[in-house]
Amino acid sequence: MARLASIEDFLALRADAVSGASEWNGPRVIIGMGTCGIAAGAQDTRKAVEAELKARRVEARLSTVGCIGMCSREPLVDIDRPGEGRITYGPVRPEMVPRLIAEHLIGGRVVREWAIGRLPAEGPSPPPAPPEAAAVPLYAELPFYRKQQRLALQNCGLIDPEEIRAALAHDGYAALARVLKEMTPQRVLNEMKASGLRGRGGAGFPTGLKWEFTRLSKGEPKYVVCNADEGDPGAFMDRSIIEGDPHSLIEGMAIAAFAIGSARGYVYCRAEYPLALKRLHTAIAQARELGLLGEDILGTGFSFDLAVKEGAGAFVCGEETALLASIEGRRGEPRPRPPFPAVAGLWNKPTILNNVKSYALTPRIILNGAEWFAAIGSPKSPGTAIFALTGKVRHTGLVEVPMGIPLGEIIYDIGGGIADGKRFKAVQTGGPLGGCIPPAHLNVKVDFDALREVGAVMGSGGMIVVDEDTCMVEF
């Protein structure tokens, strides 16, 4: 695709992507190919789909997506027939593929005993689903999703993370275009402060204030850094966002750079995330090619580019000053603060450092407004929280819920309760610096402040459930 020279060029390309012009309009088979899907055998399922389509000479588009959150049901396969919407099946083993292709993709008959849920057909006025498809519950009706509110995860599992047109068709870079066309840096800062967004890396410091401190700090150049190191046990939220929608991270960092006056950013991601790194590098290259990164973005005079720094698995590099030292090529060791990175960060220059989730939420705030975001969640912890729900719970996976939801609703209503009929013993949140929450506190509201009151912390989002048979000393 040609480099976009103006915001008008961007809007025209986005409209083209939304309309689906020049895109495939026939049936599609979509396979979940996040790390969890691949670990569950999605590669073999994909090969079986390819072979079956070839053997039957079926004209269908085969595409891949990241994790949609239902990790316990992987490998997931969607059959998408025009006008019908996407029917999700799982877990789909290779030997199940011939029946799915024959009965559903070709014959139009939903295989009800394997179907999990349904996503409605896309478009401004999609036709109603045929009766057989309509009998499959919508995702929003499933217990796993009923109490979720997907903001940072809204595109994960829905779009091909390696196709920038797919991101553009689902609001990708629309917030950046609005910022460059309509807003000043101070207005962006005011919007972020008014939203009440607190850092999703665990500390919960107000994001807008951090950005403003950095903008006001003396010293040039200024830097934008993303902490995607994610070393807490049981945590895979940041990895899943990068694998499923890397453009949301890139866009959020570009907006932050505009707000503080930065032209350079770094994503610090652990080398143990090869798929996330691959998709991030692909997304950065595509954004550069279109002119959404680099010099004179969309002809506005604003320039910003990104580099990726791979971490080597040192847990301590999740701490911000150790992370900055590692980017500089030094040993990853924390240093005393103050000065904070907003004053003296990367190469001793003013630096903002936020988590993947914080940046991924930024475009949603810009597009929908600070008041919209502040109205979600709890008064002192607005917005949503993303958790990697793992351990002895029936439905493990990736969960995004409004701040302030009772802990028990996450474990029992979304997670389906304790596996194998066992009793709940505790849930560990916040990684090694967190705490274990016993049954007496299942009604605690999940936000930054309420969890501290019961001796735990939000952390970056790991949530490990243990049952009555788990030895807490070993845990």
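Above this text sits the structure in question.
The model shown is predicted, which means the values in this text are computed figures rather than measured ones. Numbering of residues starts from 1 in each chain and follows the order in which that chain's sequence is written. In keeping with the model being predicted, local features are shown solely for residues with a pLDDT of at least 70 and side-chain atom pairs are shown and tallied solely at 80 or more, while totals for entire chains, interfaces and linings include all residues. The basis for every side-chain value is the complete set of non-hydrogen atoms in the structure, without hydrogens or water.

### A look at the overall build of the protein chain
Secondary structure summary: the protein chain contains 18 helices and 16 strands in total. For the radius of gyration, the atom set is restricted to C-alpha positions; the globular benchmark scales as 2.2 Å times the number of residues to the power 0.38. Relative to the globule expectation of 23 Å for 475 residues, the C-alpha radius of gyration of the protein chain, 22 Å, shows essentially globular dimensions. Principal axes of the C-alpha set define a box for the protein chain whose edges measure 65 × 60 × 40 Å. Throughout this description, buried means an accessible area under 20% of the type-specific maximum (1.4 Å probe, protein chains only), exposed means over 50%, and partly exposed covers the range between. The proportion of buried residues among the 475 residues of the protein chain is 56%. Here a residue-residue contact requires only that any non-hydrogen atoms of the pair lie within 4.5 Å. Counting contacts in the protein chain only where the partners sit at least 6 residues apart, residues at least 24 apart contribute 71% of the total. Secondary structure follows DSSP: runs of H or I at least 4 residues long count as helices, runs of E at least 2 residues long count as strands, and numbering of each begins at the N terminus.

### With respect to helix α14 (residues 320-327)
Counting buried positions along α14 yields eight of eight residues, so the element is predominantly enclosed. Phi turns positive one or two residues past the end of α14, at Gly329, with a value near 90°.

### A closer look at the pairing of strand β14 (residues 424-429)
Most of β14 sits inside the fold, with five of its six residues counted as buried. Only strands that DSSP links by at least two bridges are regarded as paired with each other. With five bridges connecting them, β14 and strand β16 (residues 462-467) associate as antiparallel partners. Bridging from a neighbouring strand, Ala426 pairs with Val466 of β16. The sheet contact formed by β14 and strand β15 (residues 435-437) spans three bridges and is antiparallel. Bridging across to β15, Val427 finds its partner in Ile437. Taking the residues that link successive antiparallel strands as the turn, the β14-β15 hairpin has five residues, and the phi of Gly430 there is positive, at about 85°.

### Comments concerning the environment of Ala360
Along the chain, Ala360 turns up in helix α15 (residues 356-368). On the accessibility criterion, Ala360 (0% relative accessible area) is buried. Residues within four places of Ala360 in sequence aside, it is in contact with Ala152, Ile241 and Ser248.

### With respect to the layout of surface pockets
Using protein atoms alone on a 1 Å grid, points that fit a 1.4 Å probe yet trap it form a cavity, whereas open point sets bounded by protein on both sides within 12 Å along at least five of seven lines form a pocket; residues with an atom within 4 Å of a point count as lining. Grid points are joined across faces, edges and corners, and a volume is the space filled by probe spheres set on the points. The computed volume of the largest pocket comes to approximately 1,400 Å³. Lining the largest pocket are 45 residues, with Arg28, Asp80, Arg86, Glu122 and His170 sitting closest to its centre. If you list the elements that add at least two residues to the lining of the largest pocket, you get α1 (7-19), β1 (28-32), β2 (61-65), β3 (77-81), β4 (85-89), β5 (115-119), α6 (143-146) and α7 (164-168). Residues were grouped as follows: Ala, Val, Leu, Ile, Met, Phe, Trp, Tyr, Cys and Pro as nonpolar; Asp, Glu, Lys and Arg as charged; and all remaining residues, including Gly, as polar. Considered class by class, the residues forming the lining of the largest pocket number 20 nonpolar, 12 polar and 13 charged. Of the volumes computed, that of the second largest pocket is approximately 1,000 Å³. If you trace the second largest pocket, you find 37 residues lining it, with Gly201, Gly202, Ala203, Gly318 and Glu320 closest to the centre. Mapped onto the lining of the second largest pocket, the elements with two or more residues apiece are α10 (207-216) and β9 (351-355).

### Describing the packing of aromatic side chains
Any pair of Phe, Tyr and Trp rings, taking the six-membered ring for Trp, is counted once the centres come within 6.5 Å. Such a pair is stacked with planes under 30 degrees apart, edge-to-face with planes over 60 apart, and tilted for the rest. With the rule as written, the count across this model stands at eight aromatic pairs. An angle of 55° between the planes, with centres 5.8 Å apart, marks the rings of Tyr223 and Trp347 as tilted. With Tyr223 in strand β6 (residues 223-228) and Trp347 in the loop between α14 and β9, the pair connects residues that are 124 residues apart, well separated along the chain. We classify Tyr223 as buried; its relative accessible area is 11%. In this structure Trp347 comes out as partly exposed when scored by relative accessible area, which is 39%. Measuring from ring centre to ring centre gives 5.6 Å for Phe258 and Phe302, while their planes differ by 85°; the resulting arrangement is edge-to-face. Remark: Phe302 occurs in the loop between α13 (274-290) and β8 (305-311) and Phe258 occurs in helix α12 (residues 246-260); sequence separation between them is 44 residues. Phe302 matches Phe258 in its accessibility class, with the two residues each being buried.

### Concerning the pattern of salt bridges
Salt bridge, as applied in this entry: a Lys or Arg side-chain nitrogen positioned within 4 Å of an Asp or Glu carboxyl oxygen. Applying the stated criterion across every chain yields a total of 29 salt bridges. Between Glu272 and Arg270 there is a salt bridge whose closest N-O contact spans 3.7 Å. By relative accessible area, Arg270 is classed as buried at 10%. The structure contains a network of salt bridges with shared partners spanning Arg99, Glu103 and Glu113.

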